[in-house]
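Observations on the model geometry
Now for the letters of each chain:
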Amino acid sequence: MVNVFSAVLILMRLILFGLSLGLTVISFQSYQRRQSQRLQYAFIGFAFISMGVAVTNLTTQIGTTGAAAGNELVTLQIAETVPFIVGFAMIYLSLYR
């Protein structure tokens, strides 16, 4: 039963990553059509959020296998949070500039 839940979780993470990449592609295409600074910020924001999703998936896998423990795991979690901060800040700028 645990393997079924693990498979569902992996599938959900792949869907999440696919959706984040799709938003990044759509925002890049919009930026290419209308080269505004707002769309550029939105594209950069979605790109960083996609990176954050990817890094989160990797750190979760590393953390659950026991390869990283203690300070190493915290360092990886910090590294996964930084792209989200940058991404959401860029989206914030795209909406309020």
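Throughout this description, residue numbers start from 1 for each chain and increase along the sequence as written. It should be noted that, the model being predicted, local features are given only for residues of pLDDT at least 70 and side-chain atom pairs only at 80 or more, the latter also being counted only at that level, while totals for whole chains, interfaces and linings use all residues. Only hydrogens and water are set aside when side-chain values are computed; all heavy atoms of the structure are taken into account.

1. Topic: the overall build of the protein chain
We apply this condition: Elements are defined by DSSP. Helices are runs of H or I of four residues or more, strands are runs of E of two residues or more, and each kind is numbered from the N terminus. Two things to know: the radius of gyration comes from C-alpha atoms, and the globule rule equals 2.2 Å times the number of residues to the power 0.38. Throughout, exposure labels follow a simple rule: accessible area from a 1.4 Å probe, protein chains only, divided by the maximum for the residue type, with under 20% read as buried, over 50% as exposed, and the rest as partly exposed. Contact between two residues is taken to exist if any of their heavy atoms lie within 4.5 Å; hydrogens are not considered.
A count of helices and strands for the protein chain gives three helices and zero strands. Its helices and strands in sequence order give the protein chain the pattern α-α-α, from N to C terminus. Scaling as 2.2 N^0.38, a compact globule of 97 residues should have a C-alpha radius of gyration of about 13 Å, whereas the protein chain reaches 16 Å, well beyond that. Structurally, the protein chain occupies a C-alpha span of about 50 × 30 × 15 Å along its principal axes. Sorting the 97 residues of the protein chain into buried and exposed places 22% on the buried side. Across the protein chain, the fraction of contacts at a sequence separation of at least 24, relative to all contacts at a separation of at least 6, is 73%.

2. As for a nonpolar patch on the surface
Condition: To count toward a patch, a residue needs a relative accessible area above 30% and no salt bridge. Like charges then connect within 9 Å, nonpolar side chains (Val, Leu, Ile, Met, Phe, Trp, Tyr) within 5 Å. Each accessible area is a Shrake-Rupley result for a 1.4 Å probe, and residues are judged covered by the shown protein chains and nothing else. Only one rule defines a salt bridge in this text: a Lys or Arg side-chain nitrogen within 4 Å of an Asp or Glu carboxyl oxygen.
A cluster of nonpolar side chains, namely M1, V4, F5, V8 and M12, defines an oily patch on the protein surface of about 560 Å² accessible area. In this structure, M12 sits in helix α1 (residues 2–33).

3. Regarding the environment of Q77
On the secondary structure map, Q77 appears in helix α3 (residues 71–96). Taking C-alpha positions, Q77 is 36 Å from R34, a pair spaced 43 residues apart along the chain.

4. So, the environment of F84
Topologically, F84 is positioned in helix α3. Between the alpha carbons of F84 and M51 there is a distance of 8.0 Å; along the sequence they are 33 residues apart. Dropping the residues within four chain positions of it, F84 is found in contact with F48, I49, G52, V53 and T56.

5. Some thoughts on the side chain of S27
Tracing the sequence through the fold places S27 in helix α1. Ignoring sequence-local partners within four residues, the contact set of S27 consists of A42, F43 and F46.

6. Some points on α3
Operational definition: Here, expected helix span is obtained from the residue count minus one, scaled by 1.5 Å.
An ideal rise of 1.5 Å per residue puts 38 Å on 26 residues; α3 measures up with 37 Å between its terminal C-alpha atoms. Those residues of α3 not exposed but buried are E80, P83, G87, M90, I91 and S94.

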